[in-house]
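Coordinates in review
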Amino acid sequence: MSEIKTIGVLGAGQMGGGIAQVAAQAGYEVLLADMDLQHAEAGKGRIDKFMSRAVTKGKLDADAKQAALARITCVAGIEDLGPAEFAIEAATENVELKKRLFRSLDRALNKDAILATNTSSISITLLGAETHRPASVVGMHFMNPVPIMKLVELIRGLPTDDATYEATKALATKLGKTVITSKDCPGFIVNRILIPLINEACFALQEGLGTAEDIDTGAKLGLNHPMGPLELADLIGLDTCLAIADVLLRELGDDKYRAANVLRMHVAAGWLGRKTGRGFYDYKKR
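Definitions and cut-offs
- Residues numbered from 1 in each chain as written.
- Predicted model: local features only at pLDDT ≥ 70, side-chain atom pairs only at ≥ 80, totals over all residues.
- Heavy atoms only, no water.
- Pairing = 2+ DSSP bridges.
- Helix = DSSP H or I, 4+ residues; strand = E, 2+ residues; numbered from the N terminus.
- Axes fitted to C-alpha atoms, helices over the stretch in contact; angles between N-to-C directions.
- Contact = heavy atoms within 4.5 Å.
- Patch = residues over 30% accessible without salt bridge, like charges linked within 9 Å, V, L, I, M, F, W, Y side chains within 5 Å.
- Areas by Shrake-Rupley, 256 points an atom, 1.4 Å probe, with all protein chains shown as cover.
- Salt bridge = Lys/Arg side-chain N within 4 Å of Asp/Glu carboxyl O.
- Lys, Arg positive; Asp, Glu negative; His and termini not counted.
- Charge placed at Lys NZ, Arg CZ, Asp CG, Glu CD.
- Buried < 20%, exposed > 50% of the residue type's maximum accessible area, 1.4 Å probe, protein only.
- UniProt positions renumbered as here; feature names shortened; annotations may be inferred.
- Polar contact = N/O pair within 3.5 Å; in protein donor to acceptor, adjacent residues only side chain to side chain.
- Parallel < 35°, antiparallel > 145°, perpendicular 65-115°, else oblique.
- Left-handed = near helix turned anticlockwise from the far one by under 90°.
- Nonpolar A, V, L, I, M, F, W, Y, C, P; charged D, E, K, R; others polar.
- Disulfide = S-S within 2.5 Å.
- Phe/Tyr/Trp six-rings, centres within 6.5 Å; stacked < 30°, edge-to-face > 60°.
- Lys NZ or Arg CZ within 6 Å of the ring centre and 35° of its normal.
- Core = buried A, V, L, I, M, F, W, Y, C linked by side-chain atoms within 4.5 Å.

As recorded in an unreviewed UniProt entry, the chain goes by Putative 3-hydroxybutyryl-CoA dehydrogenase and comes from Enhygromyxa salina.

So, in structure tokens, the structure goes:
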């Protein structure tokens, strides 16, 4: 397995952009791909804005920002990720989409390259089976927002070999992250704990137990959480929360993972949280 110098990131949204940023700041060359070049460039523009805010706050040196941005190259699609020794998929939490992307990544990258996924709930073994290199497929689940949150959750698929795991762990450490390792089970560690918490807060809201503000304030001051579960759901994306809840329910078969109707209705309405301007809170009024 060759030394990792170039990282391909597939998906230039909130998570993919954050991964591209931390990789570039750590000194790696980054190839950023999305549906097309325009979407990739828009993603790099969001990275620029995020880093500019850090410079304004005195948390990032202006020269370091420019150097990191210069290491991010936007490309037109998956086929242009070929030079990467390590690729991270950060697309929407949809199993059929991810299967399709992994088949394409397998064709595009050198046979020695590692293929990672930022999935928050989908089986690594399942995605690896779509490739000719299942031993080199691994889960690398970053937390949101990636440049701020220190944790990376590593997940080994059943065929994932030791070399792939150790290389991915070393990479996460070089990105400044703390690593935990999970078995390849639905939701892994973090979301296995988090999604039922968010879902219970949704049930509390649905039943009129309290307002969204009361529920979140209760969690923040009563449980010493930095964010309330409903505002955290808005940050993650309500569509993502629902997708994970549905995976947990389907794969584990326990009714405790059944999504609250208020969550499902918000997603149906297109109220997905911060990224759409409205979720459990209306961000256009904030």
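1. Remarks on the sheet that holds strand β8 (residues 178–182)
Judged by pairing direction, the sheet is mixed, and its eight strands sit side by side in the order β3-β2-β1-β4-β5-β6-β7-β8 without closing on themselves. The outermost strands of the open sheet, each flanked by one partner alone, are β3 (72–74) and β8. Taken over all neighbouring pairs, the strand axes of this sheet differ in orientation by 25 degrees on average, direction set aside. In this sheet, strand β6 (residues 137–142) lies alongside strand β5 (residues 114–117) in parallel orientation, the contact comprising three bridges. Bridge pairing links Thr117 to Gly139 in β6. Along the sheet, helix α2 (residues 37–56) makes contact with β2 (29–33) and β3, crossing β3 at roughly 150 degrees.

2. Description of a positive patch on the surface
Together, Arg46, Lys49, Arg53, Lys57 and Lys59 make up a region of like positive charge exposed at the surface. For Lys49, a relative accessible area of 58% corresponds to the exposed category.

3. Structural notes on the UniProt feature "site: Important for catalytic activity" (unreviewed entry) in the chain
Summarizing the sequence annotation, UniProt attributes the feature "site: Important for catalytic activity" (unreviewed entry) to His141 in the numbering used throughout. Secondary-structure assignment places His141 in strand β6. On the accessibility criterion, His141 (6% relative accessible area) is buried. Every residue in contact with His141, bar those within four places of it in the chain, is listed here: Thr117, Asn118, Thr119, Ser120, Leu151, Val152, Glu153, Ile155 and Asn191. In terms of polar contacts, His141 uses its side chain to reach the side chain of Glu153, at 2.8 Å.

4. Concerning the side chain of Thr168
With respect to the helices and strands, Thr168 occurs in helix α6 (residues 162–174). Overall, Thr168 belongs to the buried group, its relative accessible area being 0%. Looking at Thr168, its side chain comes within polar contact range of the main-chain oxygen of Thr164, at 2.7 Å. Discounting chain neighbours no more than four positions away, the residues touching Thr168 are Phe86, Ile114, Val138, Met140 and Leu154.

5. Structural notes on the UniProt feature "binding site: NAD(+)" (unreviewed entry) in the chain
Within this structure's numbering, the places UniProt gives as "binding site: NAD(+)" (unreviewed entry) are Gly11, Ala12, Gly13, Gln14, Met15, Gly16, Asp34, Glu93, Lys98, Ser120, Asn144 and Lys275. Along the polypeptide, Ser120 turns up in the loop between β5 and α5 (124–128). In this structure, Lys275 is in contact with Gly237, Asp239 and Thr240, ignoring residues within four places of it in sequence. A distance of 2.9 Å separates the side chain of Lys275 from the side chain of Asp239, its partner in a polar contact.

6. Focus: the packing of helix α10 (residues 238–252) against helix α11 (residues 261–268)
Running from N to C, α10 and α11 point in directions that differ by 130 degrees, and their axes come no closer than 9 Å. Compared by their axis directions, α10 and α11 come out oblique. Here α10 runs over α11; the crossing is left-handed. Residues Leu238, Asp239, Leu242 and Asp246 of α10 form the contact with α11, whose own contacting residues are Leu263, Arg264, His266 and Val267. Looking at side-chain class alone, the contact of α10 with α11 contains four nonpolar, one polar and three charged residues.

7. What about the state of the cysteines?
Going through the model one piece at a time under the given rule, you end up with zero disulfides. Cys241 takes part in no disulfide bond, and the closest cysteine sulfur, belonging to Cys202, lies 7.5 Å away.

8. Describing the packing of helix α7 (residues 190–206) against α10
One can describe the packing of α7 onto α10 by two numbers: an axis separation of 10 Å at closest approach and a directional angle of 110 degrees. Considered as vectors, α7 and α10 are oriented roughly perpendicular to each other. Judged by the sense of rotation from one axis to the other, the crossing of α7 with α10 is left-handed. Seen from α7, the contacting residues are Asn191, Arg192, Ile195 and Ile198; seen from α10, they are Cys241, Ile244, Ala245, Leu248 and Leu252. Classifying every residue of the contact of α7 with α10 gives seven nonpolar, one polar and one charged.

9. Thoughts on the packing of aromatic side chains
For the structure shown, the criterion picks out one aromatic pair. The aromatic ring of Trp271 is capped on one face by Arg278, whose charged end is 3.7 Å from the ring centroid.

10. As for the nonpolar core
Among the nonpolar cores identified, the biggest contains 36 residues, and Ile7, Phe86, Ile88, Met140, Phe142 and Leu175 are the most heavily contacted of them. The greatest single-element share of this core, amounting to six residues, is contributed by helix α1 (residues 14–25). Residues contacting Ile7, with those up to four places away along its chain left out, are Ala23, Tyr28, Glu29, Val30, Leu31, Ala84, Phe86, Ile88 and Leu171. Within the second largest apolar cluster, 28 residues are counted, among which are Cys202, Cys241, Ala245 and Tyr281.

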